[in-house]
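# Chains, contacts and geometry: an overview
Letter by letter, the chains look like this.
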Amino acid sequence: MTDHDDGRTEETIFTWGAPPLKFGPGASDEVGFEMTQLGAKRVLVLTDPGLAAGEVPHRILESLQRYGISAEIFDGVHVEPTDDSMDKAIGYATEQGPWDGFVAVGGGSVIDTAKAVNLLTTYPGQLMDYINKPVGKAQPPPGPLKPLIAIPTTAGTGAESTAMCIMDVLSLKVKTGISHWRLRPTLAIVDPLLTMTLPAEVTASTGMDIVCHALESYTARWYQTYDRKLPEERVTYCGSNPVSDLWSERAMSLLASSFRRAVHHGTEDVEARSNMMMAATFAGMGFGNAGVHIPHANAYPIAGMVKDYHPAGYPQDEPMVPHGQSVSLTAPEAFRFSFESAPERHLRAAALMAPDHDKHNNPAEQLPSVLVDLMRDIGIPNGIGGVGFSESDVPDLVPGTMKQQRLLATCPREVTEEDIERILMNSIENW
Ligand SMILES: NC(=O)c1ccc[n+]([C@@H]2O[C@H](COP(=O)([O-])OP(=O)(O)OC[C@H]3O[C@@H](n4cnc5c(N)ncnc54)[C@H](O)[C@@H]3O)[C@@H](O)[C@H]2O)c1
Ligand SMILES: [Zn+2]
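In short, a report on the structure. (Residues numbered from 1 in each chain as written. Chains lettered and ligands numbered in written order. Predicted model: local features only at pLDDT ≥ 70, side-chain atom pairs only at ≥ 80, totals over all residues. Heavy atoms only, no water.)

## As for the site of ligand 1
In the vicinity of ligand 1 there are 30 residues, among which Ser109, Asp112, Thr154, Thr162 and Thr197 approach most closely. In the environment of ligand 1, a nitrogen atom lies 2.8 Å from a nitrogen or oxygen atom belonging to the side chain of Asp112. Thr154 is positioned such that a nitrogen or oxygen atom in its side chain is 2.7 Å from an oxygen atom of ligand 1. Contributions of two or more residues to the shell around ligand 1 are made by helix H5 (108–122), strand S6 (164–169) and helix H7 (200–218). (Near = heavy atom within 4 Å. Polar contact = N/O pair within 3.5 Å; in protein donor to acceptor, adjacent residues only side chain to side chain. Helix = DSSP H or I, 4+ residues; strand = E, 2+ residues; numbered from the N terminus.)

Below is the structure:
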């Protein structure tokens, strides 16, 4: 008997997952104790060179050592990882291994790299075995992974609670990833004090990632509108659902009270930093299950085909469009496009994000105008033109977006190539 024998074609089931969470100022100093509870004796701490120059990874190391754990730091994570940089991290961890636990201390770049290192050191093989189709083979991990404690230092990706890791596949100039529930960290330790040192530009960019996670998952296609899946066909993104909605809505309210404060007064406003950290974690718990759609799908070619853009606050050695910027640049136009599929959700999101915002005559403009106001206030570049693209680049960007079918399937409206072309064209400038 199959699930379809009752004649039902509509989905009736949604799934929701998140790791246990330890949250609060000082929480990261408890990592040693937490790792002993997971039984690990030899642990690799992963971080990036910028963070390793500060004190945080070393404090994490000390906490582990205080509890009798043998631990070492690998500080070679690439900011916005590539298949190549992940292979290097996996190579290092394999040579120096075996490890029976991992700690990721950093932003999404570090946490994602640690997920890949955990997978490929536990089950040696190739990244391509696990990378999403059509780029890779999308094999499921053969079994459980080692304990991974994720300690985010940016308020953005929510990668500490999600089941995916994202990378740039250099040879194909495409960003994609691995997505499977086994990649989800064992424990998230979220300590807002770690974000006090974030530069204003990184606070703004990573905060826009939270905004897009919350908005895209809240406006994602409702889970019941998909075809019924067999248990083995279930994917991490199941569409908006009653549980993800709760997290996304709460994230929006936190953003409303604290995002501008965190950008403009981030060095002293601990409350704003705490609220942003909570917003990031909450949005991760929302989008990590519901999914994201057009703004994130567009972000992949925008970041992957970067020209000569070097954003302030980020490493300057290579051109890059940081993830948070790349997802926000087409968001106003994407939400204009998706408005008609769920007007009340778009309006509610706008009200949560900016309760005092003037009412626009045209309801479809309400959410885009809230976003544009915010982006102008916090110094996000003005559209894809602001990071170096012009109208003549749009035809080259479109196929990169269309390859992200996993994300476009989450869009509440069917999206054609022409739609994406128009959205990109109308996003050359956002104001
Ligand atoms: N796995 C997921 O669910 C998920 C979701 C969204 C994005 N991502 C991925 O995450 C990556 C982006 O991560 P991110 O936005 O968190 O930034 P990041 O990890 O790339 O870090 C950005 C910069 O900030 C610096 N930095 C980090 N913490 C700092 C601190 N406390 N003080 C000072 N500087 C600090 C880093 O050294 C780096 O230069 C992208 O590769 C993106 O694709 C993953
Ligand atoms: Zn994102």
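## Some details on the coordination of the zinc ion (ligand 2)
Coordination sphere of the zinc ion (ligand 2), protein contribution only: Asp209 (OD), His213 (NE2), His296 (NE2) and His323 (NE2), at 2.1 to 2.2 Å. With 4 donor atoms in place around the zinc ion (ligand 2) and angles of 86 to 165° between them, the coordination shape is irregular. In primary-sequence terms, the residues that donate to the zinc ion (ligand 2) follow D-x3-H-x82-H-x26-H. A residue pair is termed long-range when its members are at least 10 positions apart, and His213 in helix H7 and His296 in helix H10 (residues 294–304) qualify at 83 residues. This pair shows no difference in class: His213 is buried, exactly as His296 is. (Donors = N, O, S within 2.8 Å, 3.2 Å for Na, K, Ca; no water. Tetrahedral: all angles 85-135°; square planar, octahedral: opposite > 155°, others 65-115°. Buried < 20%, exposed > 50% of the residue type's maximum accessible area, 1.4 Å probe, protein only.)

## Topic: the packing of aromatic side chains
Within this structure, the stated rule accounts for 6 aromatic pairs. Pairing Trp247 with Phe282 gives two aromatic rings, centres 5.0 Å apart and planes at 75°, and the pair type is edge-to-face. You can see Trp247 sitting in helix H8 (residues 242–264) and its partner Phe282 sitting in helix H9 (residues 270–290), a full 35 residues away along the chain. Its relative accessible area of 23% is what places Trp247 among the partly exposed residues. A relative accessible area of 14% places Phe282 in the buried class. An aromatic cluster is built from Phe14, Trp222 and Tyr223, whose rings are joined through pairwise contacts. Over the face of the ring belonging to Tyr226 we find Arg221, whose NZ or CZ atom lies 4.1 Å from the ring centre. The lysine or arginine in question, Arg413, covers the ring of Phe337, its NZ or CZ lying 3.9 Å from the ring centre. (Phe/Tyr/Trp six-rings, centres within 6.5 Å; stacked < 30°, edge-to-face > 60°. Lys NZ or Arg CZ within 6 Å of the ring centre and 35° of its normal.)

## Let's talk about the pattern of salt bridges
When the charged atoms of two side chains lie near each other, side chains of opposite charge can form a pair. Summed over all chains, the structure comprises 21 salt bridges. Between Arg234 and Glu11 there is a salt bridge, with its nearest N and O atoms 3.0 Å apart. Of this pair, Arg234 sits in the loop between H7 and H8 while Glu11 sits in the segment before strand S1 (21–23); the two residues are 223 residues apart in sequence, bridging distant segments of the chain. For Arg59, the salt bridge is made with Glu55, and the minimal N-O distance between the two is 3.2 Å. Sharing partners across several salt bridges, the network here consists of Glu11, Arg228 and Arg234. (Salt bridge = Lys/Arg side-chain N within 4 Å of Asp/Glu carboxyl O.)

## A closer look at the sheet that holds strand S2 (residues 42–46)
Strand order in the open sheet made by the 6 strands is S1-S8-S5-S4-S2-S3, with parallel pairing throughout. On the outer flanks of this sheet lie S1 and strand S3 (70–74), each paired with one strand and no other. Looking at each pair of strands side by side, their axes are set apart by 15° on average, direction ignored. Pairing geometry for strand S5 (residues 148–152) and strand S8 (residues 187–190), over 2 bridges, is parallel. The partner of Ile149 across the bridge, within S8, is Leu187. (Pairing = 2+ DSSP bridges. Axes fitted to C-alpha atoms, helices over the stretch in contact; angles between N-to-C directions.)

## Some remarks on the nonpolar core
One finds Met208, Val211, Leu215, Phe259, Ile294, Leu371 and Ile384 to be the most contacted residues of the largest nonpolar core, which totals 69 residues. Not counting chain neighbours up to four residues away, the residues in contact with Leu371 comprise Met208, Val211, Leu215, Ala331, Pro332 and Phe335. Counting 31 residues, the second-largest nonpolar core is a separate cluster that includes Leu44, Ala89, Leu127 and Ala159. (Core = buried A, V, L, I, M, F, W, Y, C linked by side-chain atoms within 4.5 Å. Contact = heavy atoms within 4.5 Å.)

## Regarding the packing of H7 against H9
Contact pair H7 / H9: the axes reach a minimum separation of 8 Å and the direction vectors enclose 40°. Compared by their axis directions, H7 and H9 come out oblique. Handedness of the crossing formed by H7 with H9: left-handed. Residues Thr203, Gly207, Ile210, His213, Ala214 and Ser217 of H7 form the contact with H9, whose own contacting residues are Arg273, Met276, Ala279, Ala280, Ala283, Gly286, Phe287 and Ala290. Along the lines of polarity and charge, the residues of the contact of H7 with H9 split into 8 nonpolar, 5 polar and 1 charged. (Parallel < 35°, antiparallel > 145°, perpendicular 65-115°, else oblique. Left-handed = near helix turned anticlockwise from the far one by under 90°. Nonpolar A, V, L, I, M, F, W, Y, C, P; charged D, E, K, R; others polar.)

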